[in-house]
Amino acid sequence: MKIAVFGTGEVGTAMATRLQSLGHDVVFGSREAGPDKEGVPVLSHADAARHGEWIVNAMHGEHAMKTFPGLPLEGKLLIDQGNWQSAIDGPITETLGESLQRLLPQTRVVKAMNFVSAALMGHPEKLEGKHTVFVAGNDAAARAEVTQLLESIGWQDVLDLGDLSACRAMESMGPLWIRLNSVLDTVLFDIQVVRKPS
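(A) View of the packing of helix α1 (residues 10-21) against helix α6 (residues 140-153). At a minimum axis separation of 10 Å, α1 and α6 run at an interaxial angle of 80 degrees. Accordingly, the angle class assigned to the pair α1 and α6 is roughly perpendicular. In this structure, α1 uses Met15, Arg18 and Leu19 to contact α6, whose residues at the interface are Leu149, Ser152 and Ile153. Grouping the amino acids of the contact of α1 with α6 by side-chain chemistry returns four nonpolar, one polar and one charged.

(B) The sheet that holds strand β5 (residues 54-57), seen in detail. Spatially, nine strands are ordered β3-β4-β2-β1-β5-β6-β7-β8-β9 in an open sheet, and the strand pairing comes out mixed. Two strands close off the open sheet at either side, each with one partner strand: β3 (34-37) and β9 (157-160). Between one strand and the next, the sheet's axes are offset by a mean angle of 30 degrees, whatever the strand orientation. In the sheet, strand β6 (residues 77-80) pairs with strand β7 (residues 108-112) via four bridges, with the strands oriented parallel. Across the sheet, residue isoleucine 79 finds its bridge partner in β7, namely valine 110. The sheet strands contacting α1 are β1 (2-6), β2 (25-30), β3, β4 (40-44) and β5, and the helix crosses β2 at an angle near 160 degrees.

(C) Molecular detail of the layout of surface pockets. In this structure, the largest pocket spans a volume of roughly 860 Å³. Forming the walls of the largest pocket are 34 residues, and the residues nearest its centre are Val11, Ala58, Met59, His60 and Asn83. Secondary-structure elements contributing two or more residues to the lining of the largest pocket are α1, β2, α3 (61-67), α5 (118-121) and α8 (174-184). The residue makeup of the lining of the largest pocket, split by class, is 14 nonpolar, 17 polar and three charged.

(D) Examining the pattern of salt bridges more closely. Summed over the entire model, instances satisfying the criterion amount to seven salt bridges. The salt bridge partner of arginine 50 is aspartate 47, with a shortest N-O separation of 2.5 Å. Taken together, the residues span about one helical turn, with arginine 50 and aspartate 47 both in helix α2 (residues 45-51) at a distance of three residues. Overall, aspartate 47 belongs to the partly exposed group, its relative accessible area being 36%. Among the salt bridges present, the one from glutamate 94 reaches arginine 102, with a minimum N-O distance of 2.6 Å. The exposure class of glutamate 94 is partly exposed, given its relative accessible area of 42%. You can call arginine 102 exposed: its relative accessible area is 51%. What you see here is one network of salt bridges that share partners, running through Asp80, Lys111 and Glu171.

(E) Quick look at unusual backbone geometry. The phi dihedral of methionine 113 falls on the positive side, at around 60 degrees, and the residue is not glycine. Note that methionine 113 resides in the loop between β7 and α5. Notably, aspartate 185 is not glycine yet its phi reads approximately 55 degrees, a positive angle. Positionally, aspartate 185 belongs in the segment after α8.

The rules behind the values
- Residues numbered from 1 in each chain as written.
- Predicted model: local features only at pLDDT ≥ 70, side-chain atom pairs only at ≥ 80, totals over all residues.
- Heavy atoms only, no water.
- Axes fitted to C-alpha atoms, helices over the stretch in contact; angles between N-to-C directions.
- Helix = DSSP H or I, 4+ residues; strand = E, 2+ residues; numbered from the N terminus.
- Parallel < 35°, antiparallel > 145°, perpendicular 65-115°, else oblique.
- Contact = heavy atoms within 4.5 Å.
- Nonpolar A, V, L, I, M, F, W, Y, C, P; charged D, E, K, R; others polar.
- Pairing = 2+ DSSP bridges.
- 1 Å grid on protein atoms, 1.4 Å probe; cavity = no way out; pocket = protein on both sides within 12 Å on 5 of 7 lines; lining within 4 Å.
- Points joined across faces, edges and corners; volume = space filled by probe spheres on them.
- Salt bridge = Lys/Arg side-chain N within 4 Å of Asp/Glu carboxyl O.
- Buried < 20%, exposed > 50% of the residue type's maximum accessible area, 1.4 Å probe, protein only.

This is how it looks when you write it as structure tokens:
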């Protein structure tokens, strides 16, 4: 699959290199095209958007909302891993996932992996046992497609939270991640949702 990852930082690089290792045709979307980063081509935002059948947002919300308008994203699936930078120590008035969907009404937005660290998102096996990653989106088929992708990465427990109204709960976990990181002094942690056996 052709995938464009927007954001060349730690999160974007972790996702791009992992997806490339699984055989996907991956490029970065950046403000300026440049030399390959860890074997992944770096294209302009516009060229990356044209390349990708799927788009991954690995940018903070403030940057994503300025970057995506005007790009050719109609009919594509966008995995939103981002959080508002302002949400770390302030309230969330509008969720990023819902804001992106309103901004891009012809794009299928799915929220996923906005809680786990860059070190873990592409390699969930770094923690023993099952731990949980969440997905949400208004398009049920898109959620199912993203679930399949996450399972191919190695996630064993993908919990579908339904439509994008779930973003408020998902994005509110950002401050919790910051506090856990401070207390545990590691990025290798996650949440497990333990269910009553059916």
